[in-house]
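Residues per chain, in single letters:
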Amino acid sequence: MLSPPSDHMLDALWASSVDQAANVVCTDLSNDRLTGDIPINGSFSLFTPISFQNNRLISPPAAPPPVSQTPPSTSLGSGTTGAIAGGVAAGAALLFAAPAIALAMWRRRKPQDHFFDLSADPEVHLGQLKRFSFRELQDGTDNFSNKNILWRGAFGKVYKGRLADGSLVAVKRLKEERTQGGELQFQTEVEMISMAVHRNLLRLRGFCMTPTERLLVYPYMSNGNVASCLRERSETQPPLDWPIRKRIALGSARGLAYLHDHCDPKIIHRDVKVANILLDEEFEAVVGGFGFAKLMDYKDTHVTTAVRGTTGLIAPEYLSTGKCSEKTDVFGYGVMLLELITGQRAFDLARRANDDDVMLFDWVKGLLKEKKLETLVDADLQGNYIDEEVEQLIHVASLCTQDTAMERPKMSEVVGMLEGNGLAERWEEWQNEEIFRQAFNHTHHQNNDGIIADGNALPDSTPNRRPEELSLPR
């Protein structure tokens, strides 16, 4: 019987045979007094701890947990992919939204075109008015080019323009600096012109109203206005002949008569002058310039307002009291008629009259009485007029410019006189009143002189006079 090998022998055997035993599938090595490290290579990794029991072997360190051979979970991958996709989508959305955000911020800084619908106001009657866009009028006037300026007024400029449909218009642009007067003029013209429709009244085609702009659009008047034709015409433009001047006088009278007698409430123009009488392609008179117009009820005899109008053309009662009526327009029409006959400004005529220390219309009547019509009539007519017709228009102008408003005719009566009805009778009546007035004034001055003389000579006689003698007109 063989004895168990010694410890050294087993150690040697173990060390030498470990490498050859790498392929051993399984064996029992317990109680064999083996020493050293337990091998873990080859098949030894399959041995259980019982196979090495009761030996002096050193156990290997604990092995790390086996790595799972299953594919990685897709939850993390899908989350990462989703985050990437979300970032890309957000970036794309921001890319497309950036122009819209920039546009919104730009519009917020720049005032937008908000058009004011005046028809929402029940007190304003607009008829068929069109609201134009500012861009449309800007394009139609070549960006409001100076070469298209037709007229310069107190509150702005008038430009010639062409709309997209090819029609010619006159665009009145109020001054950029917004004033209370300009704003009032805009609102007045929109309201007044839309109420009055007549062939001798300017028609308003439309308007444009933005936070910074106020514009009015009218039909284009190819022959300008009477003022420009009288005093600012080019050398190639012929002067207004006498038949045209008569038509202008009648047409403008008809337009004003319509404002006074056929509008409810009646409209007082308050700025009748040659610059506000426009001429169409047939030289038909068209009354415009309604910026100072005022409404007046039929039951009222006048309205009291701040004085508006052009110096030299304002009726005396309006200038002194602020009370205006249709007779205010009659006075302005009379002055306009005188300018139409003479071709000169009323202010210049007044200056000529004052050189002789007389009032303007006294000077005119004096020339008429002396049959010096050539001194009055526009030299551009070169004598091509009828003396009798000139005298008739001067008579009408004189009747319209009487100092007392009640003594002036109505515009409807002026139309009748220009048409040949009642002028001779009215003129004769006025002359008789003038003779009586002069006689009264002469007697009045004599009586005043007598009272002063008596007062100086007989101071004690005053108590003996009757009371009415102390109340003579002053």
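Residues numbered from 1 in each chain as written. Predicted model: local features only at pLDDT ≥ 70, side-chain atom pairs only at ≥ 80, totals over all residues. Heavy atoms only, no water.

Colleague: Explain the overall build of the chain to me, please; I cannot follow it from the model alone.
Modeller: Across its full length, the chain holds 14 helices and 14 strands. Looking at the chain as a whole, 40% of its 474 residues qualify as buried. By sequence separation, contacts in the chain at least 24 residues apart represent 59% of the contacts at least 6 residues apart. Counting every atom, the chain has about 28200 Å² of accessible surface; 55% of that belongs to carbon and sulfur. (Helix = DSSP H or I, 4+ residues; strand = E, 2+ residues; numbered from the N terminus. Buried < 20%, exposed > 50% of the residue type's maximum accessible area, 1.4 Å probe, protein only. Contact = heavy atoms within 4.5 Å. Areas by Shrake-Rupley, 256 points an atom, 1.4 Å probe, with all protein chains shown as cover.)

Colleague: How should the confidence of the model for the chain be read in this particular structure?
Modeller: Low-pLDDT stretches of the model should not have their predicted coordinates read in fine detail. The predicted model of the chain averages 76 in pLDDT, with 65% of residues at 70 or higher. Every residue in residues 110-126 is under pLDDT 50, and counting partners more than four places away or in other chains gives 31 contacts. Note on residues 457-474: pLDDT is under 50 here. Beyond four places in sequence and across chains, it has 10 contacts. (pLDDT = per-residue confidence, 0-100.)

Colleague: Looking at this model, I keep getting lost on the pairing of strand E8 (residues 214-219). Mind explaining?
Modeller: Side chains on a regular strand alternate between the two faces of the sheet. The buried count for E8 comes to 6 of 6 residues, which makes it a mostly enclosed element. With 5 bridges connecting them, strand E6 (residues 168-174) and E8 associate as antiparallel partners. Residue pairing in the sheet places Lys172 in a bridge with Leu216 of E8. Pairing geometry for strand E7 (residues 206-209) and E8, over 4 bridges, is antiparallel. By the bridge assignment for E8, Gly206 is matched with Val217. What sits between the antiparallel neighbours E7 and E8 is a turn of 4 residues. (Pairing = 2+ DSSP bridges.)

Colleague: Before we go on, may I ask you to explain the sheet that holds E6 in this structure?
Modeller: In any sheet, the strands associate via hydrogen bonds between backbone groups, in a parallel or an antiparallel arrangement. If you trace the 6 strands from one edge of the open sheet to the other, you get E3-E7-E8-E6-E5-E4, paired in mixed fashion. Of all strands in the sheet, those with a lone pairing partner are strand E3 (130-131) and strand E4 (149-152), marking the two edges. As paired strands, strand E5 (residues 156-162) and E6 are joined by 7 bridges and run antiparallel to one another. The residue bridging Lys157 from the neighbouring strand is Arg173, located in E6.

Colleague: Explanation requested: helix H6 (residues 242-261) in the structure shown.
Modeller: For an α-helix, 3.6 residues make a turn, and residues three or four places apart therefore share a direction. The terminal C-alpha atoms of H6 lie 29 Å apart, and with 20 residues this matches the ideal 28 Å at 1.5 Å per residue to within 8%. The buried fraction of H6 is high, at 15 of 20 residues. Sitting at the amino-terminal end of H6 is Asp241, which places a side-chain oxygen 2.9 Å from the backbone nitrogen of Ile244. (Expected span 1.5 Å × (residues − 1). Polar contact = N/O pair within 3.5 Å; in protein donor to acceptor, adjacent residues only side chain to side chain.)

Colleague: Quick question: what am I supposed to make of the nonpolar core here?
Modeller: Residues Ile248 and Tyr333 are the most contacted members of the largest nonpolar core, which totals 60 residues. Looking at this core, you find at least three residues from each of domain 1 (130-219) and domain 2 (224-428). When sequence neighbours within four positions are dropped, the list of residues in contact with Ile248 reads Val226, Leu240, Ile277, Leu279, Phe283, Ala285 and Leu340. Among the nonpolar cores identified, the runner-up in size contains 28 residues, and Val303, Ala315, Leu349 and Leu381 belong to it. (Core = buried A, V, L, I, M, F, W, Y, C linked by side-chain atoms within 4.5 Å. Domains from an automatic or database assignment.)

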